[in-house]
Amino acid sequence: MHEPLCCVDAIAEGTARGFIFGTGSRRRTIFVLRHGGIVRAYHNACPHQGTPLELVPDAFFDEQCRFLVCRTHGARFRPADGFCVDGPCAGRSLTPVPVHVEAEMLVLDDAD
Ligand code: FES
């Protein structure tokens, strides 16, 4: 199943946006970001304790838009590959989510 998320142009450089799908055991939370002109997606779960990264909707980046930040204990992740460079889960990574662009829409692959 492919799930359309939003117009790809809606994700501006240095910004991110969270999405929630389903309910109960089928609930999935992801976020999409654009950094260096490339759009990527990750599961919205910190490798440290599994909590969502953001406390305020769509606030995934630090102030310089260099790193993604988990607001619970301050882990910092590289946007390009989700690798944690600093914090309690240093050396671990966010889980990537496959997405592609189709007719200007950002589409989540394998949404089951
Ligand atoms: S839950 Fe993310 S740094 Fe602790």
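Structure: above.
Computed from a prediction, not measured in an experiment: that's the story for all the values here.

Draft legend 1. Structural context of the nonpolar core. Core analysis: the largest hydrophobic core is formed by 15 residues, its most contacted members being Phe-31, Leu-33, Leu-53, Leu-68, Phe-77 and Leu-94. Residues Ile-30, Val-32, Ala-41 and Val-99 belong to the second largest nonpolar core, which totals 14 residues.

Draft legend 2. Here's a closer look at the packing of aromatic side chains. As enumerated under the stated definition, the model contains 2 aromatic pairs in all. A ring pair is formed by Phe-31 and Tyr-42, whose centres lie 5.9 Å apart and whose planes are at 40°; its orientation type is tilted. Linking Phe-31 in strand β3 (residues 28-35) with Tyr-42 in strand β4 (residues 38-43), this pair joins segments that are 11 residues apart in sequence. When sorted by exposure, Phe-31 lands in the same class as Tyr-42, which is buried. Seen in terms of ring centroids, Phe-31 and Phe-60 are 4.2 Å apart; in terms of plane orientation they differ by 10°. Their pairing is stacked. Here Phe-60 lies in the loop between β4 and β5 (68-69) and Phe-31 lies in strand β3, a separation of 29 residues in the sequence. Given the relative accessible area of 0%, Phe-31 is considered buried. Residue classification places Phe-60 among the buried positions, given a relative accessible area of 0%. The ring of Phe-67 carries the charged tip of Arg-76 above its face, separated from the ring centre by 4.6 Å.

Draft legend 3. Up close: the pairing of β4. Where β3 and β4 come together, 6 bridges link them in antiparallel fashion. Among the inter-strand pairings, His-35 is bridged to a residue of β4, identified as Ile-38. Adjacent in sequence and paired antiparallel, β3 and β4 are bridged by 2 residues, among which Gly-36 carries a positive phi angle near 65°.

Quick notes on the rules
- Residues numbered from 1 in each chain as written.
- Predicted model: local features only at pLDDT ≥ 70, side-chain atom pairs only at ≥ 80, totals over all residues.
- Heavy atoms only, no water.
- Core = buried A, V, L, I, M, F, W, Y, C linked by side-chain atoms within 4.5 Å.
- Buried < 20%, exposed > 50% of the residue type's maximum accessible area, 1.4 Å probe, protein only.
- Phe/Tyr/Trp six-rings, centres within 6.5 Å; stacked < 30°, edge-to-face > 60°.
- Helix = DSSP H or I, 4+ residues; strand = E, 2+ residues; numbered from the N terminus.
- Lys NZ or Arg CZ within 6 Å of the ring centre and 35° of its normal.
- Pairing = 2+ DSSP bridges.

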